[in-house]
Amino acid sequence: MHIASNFVAVESLVARPALRRLPDKDFKTLELSHDPKFVLTGLEIGLSSNCNFHCDYCCAYELNDRSLMTSRRAIEILESVDTLQRVKLSGGEVLIYFDECVRLIEYCTERGLQTQVNSNGSLLNAEKIARLETAGLGCLHVSYNFTRAAEFGAYYKQPEAMFHRIEENIRIAAASRLEVVTETVMFRSTQYRLPEIHHRVHALGVRKHEIQNGIPIEKNDWAEVLSGSEVEQAIENLVANRHPGVALYFSCIDIDPAGNFYPRVMELLTTQQIHFPSCIEGRNQLHIHSNGDVLICELGHAKVIGNVNSGTELKKLLDDKPPALVDFLERRNNDACSCVIRTLAQPAAAH
């Protein structure tokens, strides 16, 4: 009986589809390094802005405009840029178009490009997670802002069962070969719950937790954005209660090198487990919407600098620097977008 059991296990392993070799890159590699050259190394593709959730903090450009960029068209665009290292797929909820995502991930993997999918986690299951793993997906990036089904359901206007489904999907994915990162948005509803959320993330099997600062959104005048001092307090509270087995990434936070909090940030960076990724939007990364619009950054007040369906050549944008891009980089858009271009001196060991 013991021999037969082993034989079945071996047969199962042999029958499993071969896993594609994943490019050897870590989460936020581009943001944790500093390359002063304006080279397009990262591209975020919004295959569709359609979504099954309606989050107050959502920054999706042209949300639910019913457009879709097929994987074939996306590959044509990617073929035009030979400097890429990473491709992110986002929405809306991009996994609504699961097969298109898989085809695009397979292409990127064969080309040696790191891939990331941004998702709310609701449309996954064990079979789909296995397909993403086989396709070579590098990072599954899942939103996670509440630890209780009732609070989740009330905020997102979703059935409580959806919360349990998402948690189960996170557990399954975390047990796979995928790199799973949960993202928590820091805003009024989460600012005092960050440690609790953080420890729940660890319990689900996740070892990388991104905290993205809530940002002003032009389209709905979102009022839950924290003040600068509240952001700093929330960071300190989370760091003081951090799980030692989970790395933290604080993103979209304006850290003034001349400010009082900057020395504290530099101190935290030396832990090698707490990171403040630099913003590379407009410097090394652009965003393409499903209608072909090229954005400097999707977050906050989107800046459109071209359209690939109307002749814009991606590989020339960072060299030619259209006026809107120059303005974004020079003025840092403190007045209209929290995606501020700041380059922190990351410790060498954190690269």
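Predicted model, so just to flag it, every value in this text is computed and none were measured.

Colleague: When you look at the nonpolar core in this model, what are you seeing that I'm missing?
Modeller: Core analysis: the biggest nonpolar cluster contains 71 residues, and Ile45, Leu78, Leu89, Leu286 and Leu314 have the highest contact counts within it. For leucine 78, the contacting residues outside a window of four places in its chain are Leu43, Ile45, Leu84, Val87, Leu104, Tyr107, Cys108 and Arg111.

Colleague: Is there a simple way to think about the pattern of salt bridges in this case?
Modeller: Any two side chains of opposite charge can pair if their charged atoms end up close together. Here the structure, examined in full by the defined rule, presents 16 salt bridges. Between glutamate 100 and arginine 103 there is a salt bridge, with its nearest N and O atoms 3.1 Å apart. Of the two residues, glutamate 100 and arginine 103 both sit in helix H3 (residues 98-111), three residues apart, roughly one turn of that helix. Residue class for glutamate 100 comes out buried when judged on its relative accessible area of 16%. Notably, a salt bridge pairs arginine 264 with glutamate 267, separated by 3.1 Å at the nearest N-O pair. Remark: glutamate 267 and arginine 264 occur in helix H9 (residues 262-269); sequence separation between them is three residues, near one turn of the helix.

Colleague: Just to check I follow, could you spell out the packing of helix H2 (residues 71-79) against H3 for this structure?
Modeller: Packed helix pairs are characterised by how far apart their axes lie and by the angle those axes make with each other. For the pair H2 and H3, the least separation of the axes is 9 Å and the interaxial angle reads 25 degrees. The pairing of H2 with H3 is recorded here as roughly parallel in orientation. In the packing of H2 onto H3, the handedness of the crossing is right-handed. Across the interface between the two elements, Ser71, Ala74, Ile75, Leu78 and Glu79 from H2 touch Glu100, Arg103, Leu104, Tyr107, Cys108 and Arg111 from H3. Taken together, the residues of the contact of H2 with H3 break down into six nonpolar, one polar and four charged.

Colleague: Any chance you could explain the side chain of glutamate 100 here in plain terms?
Modeller: Within the structure, the side chain of glutamate 100 is placed 2.7 Å from the backbone nitrogen of serine 71, a separation counted as a polar contact. In contact with glutamate 100, other than residues within four places in its own chain, are Thr70 and Ser71.

Colleague: Looking at this structure, how should I read the confidence of the model for the protein?
Modeller: When pLDDT is low, close inspection of the predicted coordinates is not appropriate. When the pLDDT values of the protein are averaged, the result is 86; 85% of them are 70 or greater. Contacts for the low-pLDDT stretch residues 1-16, under 50 throughout, to residues beyond four places or in other chains number one contact. Between residues 333-341, whose pLDDT stays under 50, and residues either more than four places distant or in other chains, the model counts 28 contacts.

Colleague: Would you mind showing me how to read the packing of aromatic side chains here?
Modeller: In this description, a pair of aromatic rings is defined by centroid distance and the angle of the planes. This structure, assessed with the given rule, holds 14 aromatic pairs. Both rings, one in tyrosine 57 and one in tyrosine 155, keep their centres 6.4 Å apart while their planes meet at 15 degrees; by these two values the pair is stacked. With tyrosine 57 in the loop between strand S1 (42-46) and H2 and tyrosine 155 in helix H5 (residues 149-156), this pair connects stretches of sequence that are 98 residues apart. Across this residue pair, the class does not change: tyrosine 57 and tyrosine 155 are buried. Seen from their ring centres, phenylalanine 152 and phenylalanine 163 are 5.6 Å apart, and the 50 degrees between their planes marks the pair as tilted. Taken as a pair, phenylalanine 152 in helix H5 and phenylalanine 163 in helix H6 (residues 160-174) lie far apart in primary sequence, eleven residues in all. Taken individually, phenylalanine 152 and phenylalanine 163 each receive the classification buried, so the pair is uniform in this respect. Among the aromatic residues, ring-to-ring pairing joins Phe53, Tyr57, Tyr144, Phe146, Phe152, Tyr155, Tyr156, Phe163 and Phe187 into one connected group. Its guanidinium or amino end placed over the ring of phenylalanine 98, lysine 128 lies 5.3 Å from that ring's centre, counting from NZ or CZ. Positioned above the aromatic ring of phenylalanine 38 is the side chain of lysine 321, whose terminal nitrogen or guanidinium carbon lies 4.5 Å from the ring centre.

What counts and how
Residues numbered from 1 in each chain as written. Predicted model: local features only at pLDDT ≥ 70, side-chain atom pairs only at ≥ 80, totals over all residues. Heavy atoms only, no water. Core = buried A, V, L, I, M, F, W, Y, C linked by side-chain atoms within 4.5 Å. Buried < 20%, exposed > 50% of the residue type's maximum accessible area, 1.4 Å probe, protein only. Contact = heavy atoms within 4.5 Å. Salt bridge = Lys/Arg side-chain N within 4 Å of Asp/Glu carboxyl O. Helix = DSSP H or I, 4+ residues; strand = E, 2+ residues; numbered from the N terminus. Axes fitted to C-alpha atoms, helices over the stretch in contact; angles between N-to-C directions. Parallel < 35°, antiparallel > 145°, perpendicular 65-115°, else oblique. Left-handed = near helix turned anticlockwise from the far one by under 90°. Nonpolar A, V, L, I, M, F, W, Y, C, P; charged D, E, K, R; others polar. Polar contact = N/O pair within 3.5 Å; in protein donor to acceptor, adjacent residues only side chain to side chain. pLDDT = per-residue confidence, 0-100. Phe/Tyr/Trp six-rings, centres within 6.5 Å; stacked < 30°, edge-to-face > 60°. Lys NZ or Arg CZ within 6 Å of the ring centre and 35° of its normal.

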